[in-house]
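# Overview (structure and organization)
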Amino acid sequence: MYLYNSLTRKKEKFVPREQGKVYMYVCGITAYDLCHIGHARAAVVFDVLVRFLRYLGYEVIFARNFTDIDDKIIKRANELGIPWNEVAKRYIEAFYEDMAKLNILKPTFEPRATEHIKEMQELIQVLIDKGYAYVTSDGDVYFRVRAFKSYGKLSGRDIEELKAGARVEVGENKEDPLDFALWKSSKPGEPWWDSPWGRGRPGWHIECSAMSEKYLGLPLDIHGGGQDLLFPHHENERAQTVAARDIEFVSYWVHNGFVQVKGEKMSKSLGNFVTLRAIYEKFLPEVLRFFLLTKHYKTPLDFSYENLEEAEKALKKIYEAKKAIKEVIQSNPTKNTPIPEEIVNEVNEFKEKFKKALEDDLNTAAALGFTFNIVKIANRLTQEKSFKKSKNVTSVLTKILDGLNELGEILGVFSSDPDKFLAELKNKKLERKNINREEIEKLVLERSLARKNKDFKKADEIRDRLFKLGVVVKDTPHGSIWDVE
RNA sequence: GGCGGCUUAGCCAAGUGGUAAGGCAGAGGUCUGCAAAACCUCCAUUCUCCGGUUCGAAUCCGGAAGCCGCCUCCA
């Protein structure tokens with residue numbers, strides 16, 4: 001397995017600290033609002049990484065945190081007129097619902113910041129004792145950035161240049177503008193915890209350092225998150241842990257690229273975000289997941305409903321091939337037809353190629369390319385008369401189907417039952433395009449009757465009508481079937 | 001301004017020195033009452049541009065242009 005490591009800015013061979021085990025941490029959400037596609041991308045990317053590492057035989061111990069106390073949560077609570085912990089609870093629940101639909105596996109640990117105040121305080125105390133942090137007269141605690149020599153190493157920043165852009169907020173009492181908060185004294189009306197430095201609450205960065213170490217030990221094999229977390233969040237996490245423990249924090253830093261809309265980053269501040277719930281109203285979650293995997297995880301991914309529809313078509317193509325395979329296998333063919341060698345070879349190589357692509361810095365786009373190659377072969381075997389009545393073809397098809405299911409399980413897509421998926425997809429598209437099912441079925445029946453009576457003129461008229469409604473009819477030996485365009 | 005990234009067909013997108021995967025759209029054919037789906041064939045002599053290294057470059061080096069991100073909360 002090779003991974004691009006943000007720390008070294010190189011693709012590197014992945015070697016975990018303990019043989020056969022991977023300790024992985026990913027920054028989760030701050031629970032103050034609904035998740036959008038950007039959150040989904042991060043979740044899917046690291047979910048696939050976990051699944052693939054497990055497929056390779058590693059035991060993966062995976063922690064993903066919830067930031068459940070933070071300025072934004074307090075702000076949101078004031079807006080909604082409910083307690084801050086209610087805000088966190090509400091959005092954590094929403095997160096679970098949205099992620100379950102996306103087929104994201106549950107991490108081994110899901111630590112919450114508010115449940116680890118003690119661990120954070122202990123870590124802060126170590127930093128104070130070692131001279132890496134200081135307490136102000138207001139009861140805030142700051143990290144002394146200049147005391148930490150390799151600050152900026154992860155994000156490739158120069159401390160002098162950072163200084164030029166650094167700002168000091170009103171009321172802050174820092175030694176240096178670069179210093180960041182480890183502990184913030186509470187203002188009236190804000191939640192607080194007791195601490196050696198007075199009542200207050202933790203800064204954002206310290207939770208990840210404290211919780212990742214507690215659950216996974218050091219150094220973490222993999223630390224993931226969105227590219228936007230690289231600076232300052234991850235840089236600060238690294239500073240805290242390295243300064244306190246005198247050991248490198250993370251072996252492999254992995255950052256996923258942004259989801260963009262018309263070339264711009266999708267974000268709260270730009271207001272161009274699309275929530276997962278909005279997507280789910282129109283598309284199956286699996287379609288979104290598939291879409292998110294069509295591009296390499298590091299590069300920006302442009303979101304549009306057109307692109308989602310393309311992903312939907314592509315995914316449908318795989319499921320239709322699976323459905324056809326199932327049907328041929330169930331028909332118990334008896335003949336024996338020689339299968340061209342190149343087909344046999346390609347089927348045999350499929351899994352290996354797919355795996356190679358994922359081993360190369362999780363190249364899901366390339367893996368999907370190989371998937372379509374095999375889909376094409378499967379279609380040929382199920383559609384061509386000479387093949388589809390053959391017994392030996394069935395064994396090849398079984399191999400393809402098993403392969404698709406096995407590999408689909410890594411990506412978390414196209415591994416469901418095809419009939420189930422296609423039925424759900426049809427419903428979703430009917431809903432999306434506002435098509436009345438009864439009306440369509442009535443027309444299709446009418447047309448079938450007309451065809452039976454060889455009244456092709458009427459049949460074609462009805463077909464045109466259906467087409468205008470957004471429905472395509474296909475005539476098969478077993479009768480007419482229809483689908484949403 | 002500093003740092004980083006990107007630019008491959010009408011669109012989406014792989015490809016990190018050996019002669020351009022895949023998907024969508026499009027054209028022709030097989031099948032079909034006609035269609036649809038599927039299959040077969042075709043669809044980038046060329047990878048933003050200009051130089052260079054090399055037997056050989058989309059891939060390496062230098063330069064230019066355009067776009068994007070981070071530098072403040074953000075997946």
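Residues numbered from 1 in each chain as written. Chains lettered and ligands numbered in written order. Predicted model: local features only at pLDDT ≥ 70, side-chain atom pairs only at ≥ 80, totals over all residues. Heavy atoms only, no water.

### Brief notes about the nonpolar core
Judged by nonpolar contacts, the single largest core of 93 residues is most densely connected at Ile37, Ile222, Leu288 and Ile400. Here this core takes eleven residues from helix α1 (residues 37–55), the largest share from any one element. Residues lining this core come from more than one domain, with at least three contributed by each of domain 1 (2–276) and domain 2 (309–422). Discounting chain neighbours no more than four positions away, the residues touching Ile222 are Leu3, Phe14, Val22, Tyr23, Met24, Tyr25, Leu49, Leu53, Val250, Tyr252 and Val254. Counting 46 residues, the second-largest nonpolar core is a separate cluster that includes Ile74, Leu178, Cys208 and Met211. (Core = buried A, V, L, I, M, F, W, Y, C linked by side-chain atoms within 4.5 Å. Buried < 20%, exposed > 50% of the residue type's maximum accessible area, 1.4 Å probe, protein only. Helix = DSSP H or I, 4+ residues; strand = E, 2+ residues; numbered from the N terminus. Domains from an automatic or database assignment. Contact = heavy atoms within 4.5 Å.)

### Considering the protein's contact with RNA strand B
Lining the immediate surroundings of RNA strand B are 57 residues, of which Lys72, Trp204, Gly226, Leu229 and Arg463 lie closest. In RNA strand B, the atoms that sit within 4 Å of the protein are 64% sugar and phosphate, with bases accounting for the remainder. In the model, a sugar or linking oxygen of RNA strand B is placed 2.3 Å from a nitrogen or oxygen of the Gly226 main chain. Within the contact set of RNA strand B, a base nitrogen lies 2.5 Å away from a side-chain nitrogen or oxygen of Asp460. Its residues placed into classes, the surface near RNA strand B shows 16 nonpolar, 20 polar and 21 charged. (Near = heavy atom within 4 Å. Polar contact = N/O pair within 3.5 Å; in protein donor to acceptor, adjacent residues only side chain to side chain. Nonpolar A, V, L, I, M, F, W, Y, C, P; charged D, E, K, R; others polar.)

### A word on the packing of helix α9 (residues 285–292) against helix α10 (residues 305–330)
Where α9 meets α10, the closest approach of the two axes is 9 Å, and the angle between their N-to-C directions is 100 degrees. Compared by their axis directions, α9 and α10 come out roughly perpendicular. Contacts between α9 and α10 involve Glu286, Val287, Leu288, Phe290 and Phe291 on the former and, on the latter, Asn307, Leu308, Ala311, Glu312, Ala314, Leu315, Ile318 and Tyr319. Tallied by class, the residues present in the contact of α9 with α10 amount to ten nonpolar, one polar and two charged. (Axes fitted to C-alpha atoms, helices over the stretch in contact; angles between N-to-C directions. Parallel < 35°, antiparallel > 145°, perpendicular 65-115°, else oblique.)

### Some points on the sheet that holds strand β5 (residues 133–135)
Across the sheet, which stays open at both edges, the four strands sit in the order β5-β6-β7-β8 with antiparallel pairing between neighbours. The sheet is open, and its two borders are formed by β5 and β8 (200–202), each paired with just one other strand. Strand after strand, the sheet turns through a mean of 20 degrees between neighbouring axes, direction not considered. Bridge count for β5 against strand β6 (residues 141–143) is three bridges, and the pairing is antiparallel. Paired with Ala133 across the two strands is Phe143, which belongs to β6. (Pairing = 2+ DSSP bridges.)

### Looking at the pairing of strand β4 (residues 59–67)
Counting buried residues along β4, eight of its nine residues qualify, which places the element largely inside the surrounding structure. Taking the sense of rotation as the criterion, the β-α-β connection linking strand β3 (residues 21–30), α1 and β4 turns out right-handed. (Right-handed = clockwise from strand over helix to strand, strands pointing away.)

### Structural notes on the environment of Glu18
Note that Glu18 resides in the loop between β2 (10–13) and β3. We classify Glu18 as partly exposed; its relative accessible area is 31%. Separated by 203 residues in sequence, Glu18 and Asp221 place their C-alpha atoms 9.1 Å apart. A distance of 3.4 Å separates polar atoms of two side chains, one belonging to Glu18 and the other to Tyr23.

### So, the domain arrangement of chain A
Annotation of chain A at the domain level lists domain 1 (2–276), domain 2 (309–422) and domain 3 (433–484). Facing the twelve residues of domain 1 at the interface are 14 residues of domain 2. Contact between domain 1 and domain 2 buries roughly 1,200 Å² in total, counting both sides, with carbon and sulfur atoms accounting for 62%. Among the residues of domain 1 in contact with domain 2, Val48, Phe52 and Tyr55 are the three that bury the most area, contributing 47% of the side total. Linking domain 1 to domain 2 there are two salt bridges. With its nearest N and O atoms 2.6 Å apart, the salt bridge here joins Asp360 to Lys11. Our count for the domain 1 to domain 2 interface comes out at seven residue pairs in polar contact (both at pLDDT 80 or more). (Buried area = accessible area lost by both parts, 1.4 Å probe. Salt bridge = Lys/Arg side-chain N within 4 Å of Asp/Glu carboxyl O.)

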